[in-house]
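# Structure assessment
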Amino acid sequence: MARAHWGCCPWLVLLCACAWGHPKPADLGGQDVRNCSTNPPYLPVTVVNTTVSLTALRQQMQTQNLSAYIIPDTDAHMNEYIGQHDERRAWITGFTGSAGTAVVTMKKAAVWTDSRYWTQAERQMDCNWELHKEVGTTPIVTWLLTEIPAGGCVGFDPFLLSIDTWESYNLALQGSNRQLVSITTNLVDLVWGSERPPVPNQPIYALQEAFTGSTWQEKVSGVRSQMQKHQKAPTAVLLSALEETAWLFNLRASDIPYNPFFYSYTLLTDSSIRLFANKSRFSSETLSYLNSSCTGPMCVQIEDYSQVRDSIQAYALGDVRIWIGTSYTMYGIYEVIPKEKLVTDTYSPVMMTKAVKNSKEQALLKASHVRDAVAVIRYLVWLEKNVPKGTVDEFSGAELMDKFRGEEQFSSGPSFETISASGLNAALAHYSPTKELNRKLSSDEMYLLDSGGQYWDGTTDITRTVHWGTPSAFQKEAYTRVLIGNIDLSRLIFPAATSGRMVEAFARRALWDAGLNYGHGTGHGIGNFLCVHEWPVGFQSNNIAMAKGMFTSIEPGYYKDGEFGIRLEDVALVVEAKTKYPGSYLTFEVVSFVPYDRNLIDVSLLSPEHLQYLNRYYQTIREKVGPELQRRQLLEEFKWLQQHTEPLAARAPDTASWASVLVVSTLAILGWSV
């Protein structure tokens, strides 16, 4: 799952507080920990003094004749994680939470954020800032209308507002005698000055051919073919999301935390390719790889990143039609293209093509999951030995998990911040420990590990929940119902072109039967050494229909506030289903290969079909991961794997003979020796 700021998922900019729901700590919604009415005010030691920076920002606002200035929490590409030099809202407010919008007027300053961050914001912001416990543009505009006079101007950086967000603000302000003003020079950057962290300048490199599904030339030809077939005959495709350019040219870098991207745009026409980036970061070999020394239709011309707006505006003067994906194009580009020259879809042709992996990409992603399983199994074996000693905490555990992954072949770091949560902390669906704030792991508590890795051949994301002691009957029931939901969706057969939202309820049905549920989504797409949350695949209402070759996570859960949390997440490939009668049907092939915790499974709740599926899955794990463990002489881990993938059988305490029959029957079905 990772944390709830899937920037590869643009809808989170507006919906992060509801699409993946977040269990609330007990203190949320209580009295502000700050006391700004005393003299001097009482403030936690963790607050940041923002008086000087706010004064300087208001001076800049005066030069632009602004009554207010909006400071979003995103960057120019809607990234899930943002680089330090783009953390403008955090710098100006002191509040470092991943979601929240700041607005500054000449007299006041305020932040809007969701329930995950209320306490954090109170502990980090000084009395210059009001905290509004709401999200979305509507409450912000309501506040603005009471704080700024008629005729006032509301400034914003157009590269930090998506088209949809700009339209939302613009519509809400219509008829109010207040005006939105686009200012391309970011005012916070002017105040930040020399203290602002530099833009990354590590090399931009080409992936080895062994780790790519197609050459960049083949991909470019494929996009041009789609342009030619489009009924509106676009003359160019503009790519704004960093993952689009990285995928198209098989290029990677390290500009964004956890994502191997680099700051860039691409303008692809039928006769030219223009890549906007920092040319000094390309080696001579990479420039040669891109054919950058020529000017033909298969030559990539490198232009300066900062010139993209002017270049697009100049191109739009001609007899052209520019095809964009509106979900990732920021207003700073959109506003310079005449509307009659736009061809718009929700997602660009690159985003749609990238969502379906070819056979080589599928094989690469599967291979990365085998090695990833080795790392996770090593960690689980280590935990079993060390947790009873009382020496392991959530943070040290997360560090060790990342270390084990880093030792795997082709590793390029974690794919998101590891969620290592014990006991009541696991009830917070997106909790991550810190060195200062963490909880000891205990044999008496459930432990949830949600983690993933970036490898040259694929990106991984897996969640397992374990208990080393004696779980309660309710914990076992909840865990087993989550497992049933995972199985029910994983084994589902459904018509081709079915949207994920139409089948998502299968993951919840076993929980619903008992009056239980979870407040987050059920899954997301995943990339080949790209985004761990790859849009637009998944089970949300605005995801595209399922198609053969897509990868998605399947991750039901259950969270008991103040006690424990459960999530079981696997990555699965969408494949053709074998049906009795001819037809176009799909199902899922799970490619995560770590067994579930036997200690938490109440076998009496599983149907024969669930048992059959589970035991076949365990046999697959043995076949895929076992040889790798043996090859690397990880004999203790191999023994653990064999024990934890022993076939399960129905348990009926009052009819032992019937249970024995089921054991033999299950083994016979699998073809295992009895």
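Residues numbered from 1 in each chain as written. Predicted model: local features only at pLDDT ≥ 70, side-chain atom pairs only at ≥ 80, totals over all residues. Heavy atoms only, no water.

## Section: the overall build of the chain
In terms of helices and strands, the chain carries 21 helices and 28 strands. For 674 residues, the compact-globule estimate of 2.2 N^0.38 gives 26 Å, and the chain sits close to it at 26 Å. Considered along the principal axes of its C-alpha atoms, the chain spans approximately 85 × 70 × 45 Å. In the chain, which comprises 674 residues, the proportion classed as buried is 58%. Pairs at least 24 apart in sequence give 72% of the contacts found in the chain among residues at least 6 apart. Carbon together with sulfur atoms contributes 51% to the accessible area of the chain, which is approximately 26600 Å² in total. Charge-centre separation for the chain: the mean point of 58 positive side chains lies 3 Å from the mean point of 69 negative side chains. (Helix = DSSP H or I, 4+ residues; strand = E, 2+ residues; numbered from the N terminus. Rg over C-alpha atoms; globule rule 2.2 N^0.38 Å. Buried < 20%, exposed > 50% of the residue type's maximum accessible area, 1.4 Å probe, protein only. Contact = heavy atoms within 4.5 Å. Areas by Shrake-Rupley, 256 points an atom, 1.4 Å probe, with all protein chains shown as cover. Lys, Arg positive; Asp, Glu negative; His and termini not counted. Charge placed at Lys NZ, Arg CZ, Asp CG, Glu CD.)

## Focus on the UniProt feature "domain: Creatinase N-terminal" (unreviewed entry) in the chain
The UniProt record marks residues 55-185 with the feature "domain: Creatinase N-terminal" (unreviewed entry), using the residue numbering of this structure. Secondary structure content for residues 55-185 is 34% helix and 18% strand, while the C-alpha to C-alpha distance between its ends is 18 Å. (UniProt positions renumbered as here; feature names shortened; annotations may be inferred.)

## Brief notes about the nonpolar core
Residues Phe 249, Ile 601 and Leu 614 are the most contacted members of the largest nonpolar core, which totals 122 residues. Val 103, Trp 112, Leu 173 and Ile 312 belong to the second-largest nonpolar core, a separate cluster that totals 38 residues. (Core = buried A, V, L, I, M, F, W, Y, C linked by side-chain atoms within 4.5 Å.)

## Re the UniProt feature "domain: Peptidase M24" (unreviewed entry) in the chain
In the numbering adopted here, UniProt assigns the feature "domain: Peptidase M24" (unreviewed entry) to residues 365-575. Within the segment residues 365-575, helix and strand shares are 29% and 25% respectively, and the terminal C-alpha atoms sit 14 Å apart.

## A look at the side chain of Ser 53
One can find Ser 53 in helix H2 (residues 51-63). Residue Ser 53 is classed as buried on the basis of its relative accessible area, which comes to 11%. Of the polar contacts made by the side chain of Ser 53, one reaches the backbone oxygen of Thr 50; its length is 3.0 Å. When residues no more than four places from it in sequence are discounted, the contact partners of Ser 53 are Trp 91, Ile 92 and Val 191. (Polar contact = N/O pair within 3.5 Å; in protein donor to acceptor, adjacent residues only side chain to side chain.)

## Observations regarding the sheet that holds strand E19 (residues 458-459)
As summarised here, the arrangement of the three strands in space is E15-E18-E19, forming an open sheet in which the pairing is antiparallel. Looking at which strands have only one partner, the edges of the open sheet turn out to be strand E15 (411-414) and E19. (Pairing = 2+ DSSP bridges.)

## Brief notes about the side chain of Asn 250
Its place among the elements puts Asn 250 in the loop between helix H9 (242-249) and strand E9 (251-252). Under the relative-accessibility criterion, Asn 250 is labelled buried at 3%. Within polar-contact distance, the side chain of Asn 250 engages the backbone oxygen of Ser 214 at 2.9 Å.

## Observations concerning the pattern of salt bridges
Enumeration over the complete set of coordinates arrives at 32 salt bridges. The salt bridge involving Asp 114 is made with Arg 116; its shortest N-O contact spans 2.9 Å. Like Arg 116, Asp 114 is buried. Arg 631 is paired through a salt bridge with Glu 628; the nearest N and O atoms lie 2.7 Å apart. (Salt bridge = Lys/Arg side-chain N within 4 Å of Asp/Glu carboxyl O.)

## Regarding the pairing of strand E12 (residues 300-304)
Bridge analysis of strand E11 (residues 273-277) against E12 gives five bridges, and the strand direction is parallel. If you follow Phe 276 over to E12, its bridge partner there is Glu 303.

## A closer look at the sheet that holds strand E3 (residues 109-112)
Taken together, the six strands give an open sheet; going across it, the order is E4-E3-E2-E1-E5-E6, and neighbouring strands pair in mixed fashion. For this open sheet the edge positions go to strand E4 (130-132) and strand E6 (179-182), each flanked by a neighbour on one side alone. Neighbour to neighbour, the strand axes of the sheet diverge by 25 degrees on average, direction disregarded. Two elements, strand E1 (residues 68-71) and strand E2 (residues 101-105), share four bridges in a ladder whose sense is antiparallel. Residue pairing for E2: Ala 68 is matched across the bridge by Thr 105. Along the sheet, helix H5 (residues 137-147) contacts E1, E2, E3, E4 and strand E5 (153-156); its crossing angle with E2, the most-contacted strand, is approximately 5 degrees. (Axes fitted to C-alpha atoms, helices over the stretch in contact; angles between N-to-C directions.)

## As for the state of the cysteines
Tallied over the full model, the rule gives two disulfides. A disulfide bridge connects Cys 36 with Cys 127, and the sulfur atoms are separated by 1.9 Å. Between Cys 36 and Cys 127 the disulfide shows an S-S torsion of about -90 degrees. By sign, it is left-handed. Of this pair, Cys 36 sits in the loop between helix H1 (12-15) and H2 while Cys 127 sits in the loop between helix H4 (118-124) and E4, and the two are 91 residues apart along the sequence. With relative accessibility at 30%, the residue Cys 127 sits in the partly exposed group. The disulfide bridge from Cys 294 ends at Cys 299, spanning 1.8 Å between sulfur atoms. On the S-S bond that ties Cys 294 to Cys 299, the torsion sits near -100 degrees, and the link is left-handed. With a relative accessible area of 7%, Cys 299 lands in the buried category. (Disulfide = S-S within 2.5 Å.)

## Section: the environment of Thr 119
Position of Thr 119 relative to the elements: it lies in helix H4. A residue is classified by how much of its surface remains accessible, and Thr 119, at 11% relative accessible area, is buried. For Thr 119 and Glu 589, which are 470 residues apart along the polypeptide, the C-alpha to C-alpha distance reads 41 Å.

## Regarding the packing of aromatic side chains
This model, assessed by the stated rule, comprises 21 aromatic pairs. Consider the rings of Tyr 596 and Tyr 617, whose centres lie 5.6 Å apart with planes at 35 degrees: the pair is tilted. Placement of Tyr 596 in the loop between strand E28 (585-590) and helix H19 (608-631) and of Tyr 617 in helix H19 is noted, with a sequence separation of 21 residues between them. For the pair formed by Tyr 596 and Tyr 617, the shared burial category is buried. (Phe/Tyr/Trp six-rings, centres within 6.5 Å; stacked < 30°, edge-to-face > 60°.)

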